[in-house]
Amino acid sequence: MQDFTPPSPTDEEEKSNKHYAALLTSTFYSMHKNGNVSIANLLGQSATGRFTLLKRNLYFSFYTSTYPLSTKPKTVQFLDSSGQILEEIQLQSSGSLYQNQTGKICGIWRRVPSEYRSWLKDEKLSVILIWEEHDVRIRGALLKHRPLPTEMFSSLMVSPSDLPTDVAGTAVISISTITPSVHVLIVYTGLLSLKRKSDVSLKMLMTVDDRTKPVFEENITVEKISTDINVVEYSTAVSASDLQALTQNRVSVSLMSARYPDSRIHGKVLPRVSCELFQSVLSSVNVNQAGTKYPQKSTKAVGITWMFIDKTGALQYFYMLDNVADASVELVTTKHQTLVENLSYPNGTLAYLSPKHLEWLYDQELAISVTRMNSNGQSLIRGRLMSRTVADSRDSPTPYLLRRTDTSVPADMVGLIWARIDVDCSFHYDISIAGKEVDEHQYEFYLEDVPVEIVGAPLTRRLFEEFSGGNAEGSTFPMSQIELSRLESGVVYLDIWDMKRGQSVLRSRWDKISIPNNCRRPFVENSTVDNNIHSYRLISEDQEPPQVEVSKCLHGSQYYEHGTQWTSSLETCTMCHCNHGVHKCDAILCPPLTCAQKFTIPNSCCMSCHNITSLAEANTGSCFLGGQNFAPGSMWYPYIPPHGFSLCTVCNCNPTTLQVKCERISCPPLNCDERLAIRPENKSCCKVCPNNTKSVVDDLAFSDQLVSSTKSPRDILANGGCKYSYGGPYENGQSWTPSLYLHGPQKCVICRCKDSKVTCERIKCTRNNCSEECCMRKERCKKLRRSRETSRKREK
């Protein structure tokens with residue numbers, strides 16, 4: 001009896017071009033390049049796959065047999081009819097939360113070329129799963145089957161024995177709860193009858209685990225058997241309890257040879273192979289659109305929900321609610337709001353759904369309703385559950401609730417967003433938003449990040465998409481290492497910008513970012529910045545976004561702009577400045593006071609010759625310079641970034657007029673050669689003479705005196721001292737005769753350290769100065785010596 005019939009090909013022609021199935025075995029791939037027989041062929045590794053073509057993207061899902069290989073495959077390849085590889089996709093090694101909970105393998109082939117899509121519709125494509133560590137490959141053709149659009153359950157059928165076999169199958173199972181009835185289509189490879197290839201009698205059997213009586217047992221005669229692909233199907237009426245057993249994962253299906261019962265394939269009936277979840281955005285707008293009996297009042301309540309069927313057949317559900325108190329969450333029908341289940345906890349599990357409820361779920365006829373307690377069943381917020389394929393962004397652990405940014409945004413506006421970075425370092429996102437005015441506005445989706453969430457932190461914004469309406473989905477080409485490192489180490493926001501309102505309307509913090517290990521590599525930042533916001537968009541697949549250099553400085557709990565100066569909040573009596581993202585701080589230096597009596601200035605590090613307390617009674621104001629306030633009568637060195645304090649200028653605040661006057665210090669005249677004068681310290685304004693420097697000998701004597709100093713090398717360098725290749729460090733003003741490697745002391749060369757710089761020059765020999773050892777070799781000194789010797793001989 002056939003009470004259930006799948007939709008006719010005419011009605012489902014468009015759907016049939018979207019849905020494909022494949023049975024993967026080693027039948028097509030039993031020999032490797034090295035000539036060895038595949039392990040999969042010997043032990044029966046197999047898989048069943050489902051494929052959905054949506055918007056030029058091909059979504060794929062697999063169940064794989066757990067024997068003999070318990071690990072997951074690493075690679076998926078798509079091939080044409082000649083065996084040429086068209087696309088190769090790397091799979092997640094550990095699997096996602098969804099894949100682990102459902103036992104499925106999910107993925108997507110993005111932007112399938114039109115020629116390949118034509119081959120797909122003509123059933124000229126095949127797929128390969130590869131276990132690289134085991135050197136195992138299984139292959140199957142992508143084929144269209146009439147019941148695929150209405151499939152509710154699936155089964156991967158393998159030989160239950162350990163005997164070597166290449167026979168495997170997959171079952172496509174549909175049900176109808178009106179009759180009730182079941183339709184089973186089995187696709188299998190190989191020969192179940194080893195002796196005959198025509199007029200073969202097979203037996204199809206469906207059983208319940210805890211029952212002796214089968215759901216059905218039917219003999220089927222197959223006129224022609226192929227060693228490649230065979231298809232058999234059967235439909236019949238069943239009991240309501242049989243359908244209930246299907247939803248509880250208690251049913252198995254078998255196909256066997258009527259003559260040789262041991263030659264058979266068998267599999268557990270599981271939720272359908274397709275990777276999918278069901279989600280909804282909850283708002284009062286959805287309640288009005290659904291046609292509630294009661295007038296809906298304005299509410300700030302919003303929420304999101306998502307759920308899926310796991311490998312045991314249980315419904316895993318999750319939801320997030322905002323501005324909701326004393327309310328119950330219910331799973332209801334879309335038409336009459338008939339209660340299906342109470343969802344007591346935000347994250348929970350329903351052991352199973354009834355066949356009718358599961359049918360409604362797959363047909364998108366269920367909704368989530370949030371009602372106030374004791375409100376006669378009036379929905380506060382509501383949303384219809386929509387089926388979404390799982391891949392890329394929707395394969396992440398959880399979506400995010402997009403909340404309105406401020407009170408100027410309509411209270412009923414809410415959004416749901418999935419976001420994920422895959423193993424190719426690409427960013428994927430899927431957005432759904434709801435609100436009364438959503439369809440009338442144009443939106444932009446931005447990704448924002450700051451290094452730390454404090455005042456003035458530099459903000460980087462990247463525009464990913466402009467869209468209208470309530471949905472947007474997309475992916476980028478691989479993101480740069482700079483962007484990925486910033487996202488992982490900083491604070492990231494997912495932001496929806498309303499172009500009509502000119503403001504951000506929905507926003508969520510992305511706090512569970514997972515960056516694959518292969519995407520973490522060192523980088524160097526080098527670019528310019530634009531005020532406080534770095535904003536750019538992806539122009540083409542060959543162009544990476546510009547690299548951004550942060551020019552602000554983080555000090556304490558605040559960011560400061562480049563070129564600014566401030567009094568440190570971490571160290572007393574310290575001034576700081578920001579120079580291209582690097583801050584530097586200097587201890588405050590106080591000008592020397594010449595007055596006899598000195599007064600303390602409140603909240604200041606320097607003293608004054610004026611009584612600031614009495615001046616404050618007469619003056620209520622203060623002096624202002626370089627972003628700082630100074631008390632009347634105070635004196636200070638001006639702080640000039642990036643060099644720090646200028647010790648050659650002293651500023652003072654006139655106690656009467658409160659005007660700032662800065663004067664340059666006049667240096668006393670030097671009693672030594674300018675070339676020998678030094679600065680006592682690096683920041684000293686005036687030079688001084690290094691003791692007596694009348695001659696080189698005196699200079700060298702002073703050098704010896706400096707060498708005997710007990711100062712540390714660090715102190716010497718800090719006070720203008722010098723480093724030198726051989727020896728040192730030398731103090732500021734010190735002179736020495738250098739000694740070179742392999743050449744020894746250079747007695748005719750004098751080096752001097754002056755303000756951290758070393759200058760070396762040869763000793764100048766005067767016309768009559770031949771007493772110095774370095775001058776005695778000069779030609780004129782030789783002539784002088786010869787003339788003197790001649791004169792002495794004549795005198796004798």
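- Looking at an unreviewed UniProt entry, one finds the protein chain named Chordin, with Parthenolecanium corni as its source organism.

**Focus on the pairing of strand E19 (residues 302–309)**
In step 1: Extensive coverage of E19 is indicated by the burial of 8 of its 8 residues.
In step 2: Judged by which residues are buried, E19 turns out to be covered on both faces: Val302, Ile304, Trp306 and Phe308 on one side and Gly303, Thr305, Met307 and Ile309 on the other are all buried.
In step 3: Pairing geometry for strand E18 (residues 276–282) and E19, over 5 bridges, is antiparallel. Within E19, the position partnered with Phe278 by the bridge is Met307.
In step 4: Sheet analysis places E19 next to strand E20 (residues 315–322), joined by 8 bridges and oriented antiparallel.

**A word on the sheet that holds strand E45 (residues 635–636)**
In step 1: With antiparallel pairing, the 3 strands of this open sheet are ordered in space as E45-E48-E49. Looking at which strands have only one partner, the edges of the open sheet turn out to be E45 and strand E49 (660–664).
In step 2: Looking at chain direction, strand E48 (residues 649–653) and E49 are connected through 5 bridges and run antiparallel. Following the sheet pairing, Asn652 is matched in E49 by Lys661.

**Observations regarding the sheet that holds strand E1 (residues 19–24)**
In step 1: With antiparallel pairing, 4 strands are arranged side by side in an open sheet as E1-E2-E3-E6. With partners counted over all chains shown, the strands left at the sheet margins are E1 and strand E6 (105–109), one partner each. Averaged over all adjacent pairs, the angle separating strand axes in this sheet is 20°, with direction ignored.
In step 2: Across 5 bridges, the pairing between strand E3 (residues 57–64) and E6 is antiparallel. The partner of Phe60 across the bridge, within E6, is Gly107.
In step 3: Here helix H4 (residues 114–121) sits on the sheet and contacts E1, strand E2 (47–54), E3 and E6; the angle it forms with E2, its principal contact strand, is near 125°.

**With respect to helix H7 (residues 355–362)**
In step 1: Extensive coverage of H7 is indicated by the burial of 6 of its 8 residues.
In step 2: Regarding H7, the residues found buried are Pro355, His357, Leu358, Glu359, Leu361 and Tyr362.

**Observations regarding the packing of aromatic side chains**
In step 1: Under the definition given, this model contains 26 aromatic pairs.
In step 2: Ring geometry for Phe278 and Tyr362: centres 6.0 Å apart, planes at 40°, overall tilted. Of this pair, Phe278 sits in strand E18 while Tyr362 sits in helix H7, and the two are 84 residues apart along the sequence. Here the two residues Phe278 and Tyr362 agree in accessibility, since each one is buried.
In step 3: Against the face of Tyr362 rests Arg272, its NZ or CZ located 3.7 Å from the ring centre.
In step 4: Of note, Arg461 hangs over the ring of Tyr446, and the distance from its end group to the ring centre comes to 3.8 Å.

**Let's talk about the confidence of the model for the protein chain**
In step 1: Residues with a pLDDT of 70 or more make up 80% of the protein chain, whose mean pLDDT is 81.
In step 2: Confidence drops under pLDDT 50 across residues 1–14; counting only partners more than four residues distant or on other chains, this segment forms 20 contacts.
In step 3: Confidence drops under pLDDT 50 across residues 290–295; counting only partners more than four residues distant or on other chains, this segment forms 6 contacts.

**Overview of the nonpolar core**
One recurring pattern in soluble globular proteins: nonpolar side chains tend to sit buried together.
In step 1: Residues Val184, Ile186, Met204, Leu255, Leu331 and Leu361 are the most contacted members of the largest nonpolar core, which totals 56 residues.
In step 2: By residue number, the principal contributor to this core is strand E12 (residues 198–208), which donates 5 residues.
In step 3: Among all residues touching Leu361, those that are not within four sequence positions of it are Phe278, Ile309, Leu315, Leu353, Leu366 and Leu385.
In step 4: Residues Cys425, Phe427, Leu447 and Leu484 belong to the second largest nonpolar core, which totals 31 residues.

Rules behind the numbers
Residues numbered from 1 in each chain as written. Predicted model: local features only at pLDDT ≥ 70, side-chain atom pairs only at ≥ 80, totals over all residues. Heavy atoms only, no water. Buried < 20%, exposed > 50% of the residue type's maximum accessible area, 1.4 Å probe, protein only. Helix = DSSP H or I, 4+ residues; strand = E, 2+ residues; numbered from the N terminus. Pairing = 2+ DSSP bridges. Axes fitted to C-alpha atoms, helices over the stretch in contact; angles between N-to-C directions. Contact = heavy atoms within 4.5 Å. Phe/Tyr/Trp six-rings, centres within 6.5 Å; stacked < 30°, edge-to-face > 60°. Lys NZ or Arg CZ within 6 Å of the ring centre and 35° of its normal. pLDDT = per-residue confidence, 0-100. Core = buried A, V, L, I, M, F, W, Y, C linked by side-chain atoms within 4.5 Å.

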